[in-house]
Amino acid sequence: MAFVAVAVDTLASRRPLLLDSALSYARRPPPQLRSSFLAPGWHVRRRQAALAKKQQQQQGRSRRRGGLLVVVDQFAGQYDEGFADVDVQLINYFTYKAVRTVLHQLYEMNPPSYRWLYNFVVNNKPNDGKRFLRALAKEKQDLAERVMITRLHLYGQWIKKCDHAKMYQKISEENLQLMRERLIETVIWPSDETTTTNTEKID
């Protein structure tokens, strides 16, 4: 009985302390949720991170200088290479065509010059127009100037006759034709035996 009395006295003495602790806890402000998503400006930081990631991906897709890998931005989109190589190929082709034209002219008008230029062309292919004309000018300045004037004249004629819309249509039609041919090659046509068997089953 003495032990029970002591316990009751102990609880009675601690009751004011427990009550004070409960009241102080109740007066505390409610806890605030803290997160990087709720912090001010989190959407701005998120957008900046997305833009930085996109730039890194674009840099990774860019072509490596001096390497074999050339990656474009998008299919049928903007190309880093441009069309400077097309200009060079056009100049080289018109140089080749001008050499042929000059050879035909010399064959009828000046056979000795024709034989000399023919032998020069055999030893120096006009695939690279600039290099070919440099070498020709060192040997025969007059023939080099004649080829240069002829290729400029031929290019002027081509500009007048070239129909870009028609050329675009030709390329489009050729693409469709190649795709159609490939589709026909990949189609598995039923054989005569299969057709006969199916007919017998129907009968």
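Residues numbered from 1 in each chain as written. Predicted model: local features only at pLDDT ≥ 70, side-chain atom pairs only at ≥ 80, totals over all residues. Heavy atoms only, no water.

## Side note on the side chain of Asn92
And step 1. Its place among the elements puts Asn92 in helix α3 (residues 84–109).
And step 2. By relative accessible area, which is 12% here, Asn92 ends up buried.
And step 3. In terms of polar contacts, Asn92 uses its side chain to reach the backbone carbonyl oxygen of Asn127, at 3.5 Å. (Helix = DSSP H or I, 4+ residues; strand = E, 2+ residues; numbered from the N terminus. Buried < 20%, exposed > 50% of the residue type's maximum accessible area, 1.4 Å probe, protein only. Polar contact = N/O pair within 3.5 Å; in protein donor to acceptor, adjacent residues only side chain to side chain.)

## Side note on the pattern of salt bridges
And step 1. As enumerated under the stated definition, the model contains 1 salt bridge in all.
And step 2. A salt bridge links Arg182 to Glu185, with the nearest nitrogen and oxygen atoms 3.3 Å apart. In this pair, Arg182 and Glu185 both sit in helix α7 (residues 164–186), 3 residues apart, roughly one turn of the helix. (Salt bridge = Lys/Arg side-chain N within 4 Å of Asp/Glu carboxyl O.)

## Quick look at the packing of aromatic side chains
And step 1. Per the counting criterion, the structure on display carries 9 aromatic pairs.
And step 2. Each ring, one from Phe94 and one from Tyr155, has its centre 5.3 Å from the other, and the planes form 85°; the classification is edge-to-face. Pair noted here: Phe94 is in helix α3 and Tyr155 is in helix α6 (residues 141–161), with a separation of 61 residues, a long-range link.
And step 3. With relative accessibility at 6%, the residue Phe94 sits in the buried group.
And step 4. By relative accessible area, which is 35% here, Tyr155 ends up partly exposed.
And step 5. Where Trp116 meets Phe120, the ring centres are 5.4 Å apart and the plane angle is 10°; that geometry is what we call stacked. Pair noted here: Trp116 and Phe120 are both in helix α4 (residues 111–123), with a separation of 4 residues, about one helical turn. (Phe/Tyr/Trp six-rings, centres within 6.5 Å; stacked < 30°, edge-to-face > 60°.)

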